[in-house]
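# Notes for the structure review
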Amino acid sequence: MRIVITSNYELGNETGSAKVAEDLAEKLSIKNKVLFICLGTKFNIYKKNKNLEIIEVTSINIKDIYVPIITPILMYQVFRKLDQFGPNVIHAQNSILVSSLTQMWAKLNKIPFIVTFHHIPTEPIKHLVPHLSKNILFNLVQEIYKNTSLKQFLKNSDLAIAQNELIYKSIRSIDKNIPIDTINNGVEIKKLNKIRPRENDGKINFVFLGSYSQRKNQLFLIKTFKSLPNIYNLNLYGSFKTGGIYLVKIQDLIKKYKLNNIFLYDFESDIKNVFQKNDYLLSASKKEAQSLVVIQSLASGKPVVGLSNETIDELINNSNGFTVKKSISPKKFAEQITNFISKNNYKSLSNQCLEDSKKFDIDLVLSKFEDCYKRLTESGS
């Protein structure tokens, strides 16, 4: 097949949806011809391998975030390449920017168009700026977007992909008719399953990977560590380039509390190496549709400890970690962490993590996507 995959991020971005899109394009190119459209500093087309071609769409850098410059010239360049490539199906990740551009081409050329949402589509403001979720103006903007732009986008799509029941219900509340398939995110299970528990060195290492941002809520983790013993270490990974003011706040709070057991690292693409050096994933993230890092932690055999959010509630239980209400205080959270560590058998937790990760095998996920593509192309959607 000839498949187009889109991403609204630049190559190598640390966000989970960017990683999912890149992995999907890479894996699909083993047996199919794939055109991957993403963002970059200038318009560029090149081959990554014999079956994978990449278009980087001209974008501008605003506070280290790329935003595409959608001009008539850019539209012509992208449309011309799509004409030359001749895809059987287009699979967009989320519903804005590059996704909308390719949807226009798909509609004009009667090519099946699929969208996967990596956030809860009815709650985009809560996903981007959760601290403003109670603001009346922002909620009004969210409602207008949902009932105009998003509704029209779904109307012009042939299939929507939901990772879980929560996203399914969100999509269905906007469009009563669009076909929806439920397919969870996928990770390299076979590679991550090979990770073994660390050798006992008297320390307990916690890790969290995610952009330094208010939604990821690393400040809460630092406040929690103020009440934890020094045998506990916290390793935070995120992008120094995009951390901005929030990263400065993190650094200032660590200095204020004089904590020498919290370490900040730049984004690390070698996930296997990161999990090999840690024992648990610790999360205080405020909102996650289906967090890739939680899935990666399970696949690595690393139990997950976290505040309640969509992903934690879906995937974490007493057999593979533990979860607490998001209203808990940092001090109380610290008490529950030490209690959890002292009372549970790590090997048992780790084994259950590996078991619970099986359905997220990227090869299984890939097979489901390919079935979707074939079904749509054969039905002439």
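Residues numbered from 1 in each chain as written. Predicted model: local features only at pLDDT ≥ 70, side-chain atom pairs only at ≥ 80, totals over all residues. Heavy atoms only, no water.

## Some thoughts on the overall build of the protein chain
Assigned secondary structure in the protein chain consists of 15 helices and 15 strands. A globule of 381 residues ought to have a C-alpha radius of gyration of about 21 Å, and the protein chain, at 21 Å, matches this closely. With respect to the three principal axes, the spread of C-alpha positions in the protein chain is 60 × 45 × 40 Å. Burial statistics for the protein chain: of 381 residues in total, 55% are counted as buried. (Helix = DSSP H or I, 4+ residues; strand = E, 2+ residues; numbered from the N terminus. Rg over C-alpha atoms; globule rule 2.2 N^0.38 Å. Buried < 20%, exposed > 50% of the residue type's maximum accessible area, 1.4 Å probe, protein only.)

## Points about the side chain of Thr-224
One can find Thr-224 in helix α8 (residues 218–225). Of the residues examined, Thr-224 reaches a relative accessible area of 0% and is grouped as buried. There is a polar contact of 2.9 Å between the side chain of Thr-224 and the backbone oxygen of Phe-220. (Polar contact = N/O pair within 3.5 Å; in protein donor to acceptor, adjacent residues only side chain to side chain.)

## Re the nonpolar core
Ranked by size, the top nonpolar core spans 59 residues in total, and within it Phe-206, Leu-209, Leu-281, Leu-282, Phe-333 and Ile-337 carry the most contacts. The element that contributes the greatest number of residues to this core is helix α11 (residues 292–299), accounting for six residues. Tyr-66, Phe-117, Ile-174 and Ile-180 belong to the second largest nonpolar core, which has 34 residues in total. (Core = buried A, V, L, I, M, F, W, Y, C linked by side-chain atoms within 4.5 Å.)

## Here's the deal with unusual backbone geometry
Of note, the phi angle at Asn-94 is positive, near 70°, even though the residue is not glycine. Inspection of the secondary structure assignment puts Asn-94 in the loop between β6 (89–93) and α3 (98–109). For Asn-94, a relative accessible area of 11% gives the class buried.

## Describing the sheet that holds strand β13 (residues 280–283)
Spatially, β12-β11-β10-β13-β14-β15 is the arrangement adopted by the six strands of the open sheet, whose pairing is parallel. Both edges of this open sheet fall to β12 (262–266) and β15 (321–324), since each of them pairs with a single strand only. Between one strand and the next, the sheet's axes are offset by a mean angle of 20°, whatever the strand orientation. Packing of α8 onto the sheet brings it into contact with β10 (204–209), β11 (232–238), β12, β13 and β14 (304–307), and relative to β11 it is tilted by some 165°. (Pairing = 2+ DSSP bridges. Axes fitted to C-alpha atoms, helices over the stretch in contact; angles between N-to-C directions. Contact = heavy atoms within 4.5 Å.)

## Digging into the pattern of salt bridges
For the structure on display, the rule yields 15 salt bridges. Lys-287 is the partner of Glu-123 in a salt bridge, and the nearest nitrogen-oxygen pair spans 2.7 Å. Separated by 164 residues along the polypeptide, Glu-123 in the loop between β7 (113–116) and α4 (124–128) and Lys-287 in the loop between β13 and α11 bring together distant segments of the chain. Accessibility expressed as a relative area gives 10% for Lys-287, which makes it buried. (Salt bridge = Lys/Arg side-chain N within 4 Å of Asp/Glu carboxyl O.)

## Looking at empty space enclosed by the protein
Within the structure shown, the criterion is met by one cavity of 30 Å³ or more. Estimates place the volume of the largest cavity at around 120 Å³. Contributing to the lining of the largest cavity are 16 residues, with Val-20, Leu-24, Gly-186, Val-365 and Phe-369 lying nearest its centre. Secondary-structure elements contributing two or more residues to the lining of the largest cavity are α1 (16–28) and α15 (362–379). (1 Å grid on protein atoms, 1.4 Å probe; cavity = no way out; pocket = protein on both sides within 12 Å on 5 of 7 lines; lining within 4 Å. Points joined across faces, edges and corners; volume = space filled by probe spheres on them.)

## Details of a nonpolar patch on the surface
Residues Ile-60, Val-67 and Ile-69 make up a contiguous nonpolar surface patch of roughly 200 Å² in combined accessible area. Note on placement: Val-67 falls in strand β5 (residues 65–68). With a relative accessible area of 31%, Val-67 lands in the partly exposed category. (Patch = residues over 30% accessible without salt bridge, like charges linked within 9 Å, V, L, I, M, F, W, Y side chains within 5 Å. Areas by Shrake-Rupley, 256 points an atom, 1.4 Å probe, with all protein chains shown as cover.)

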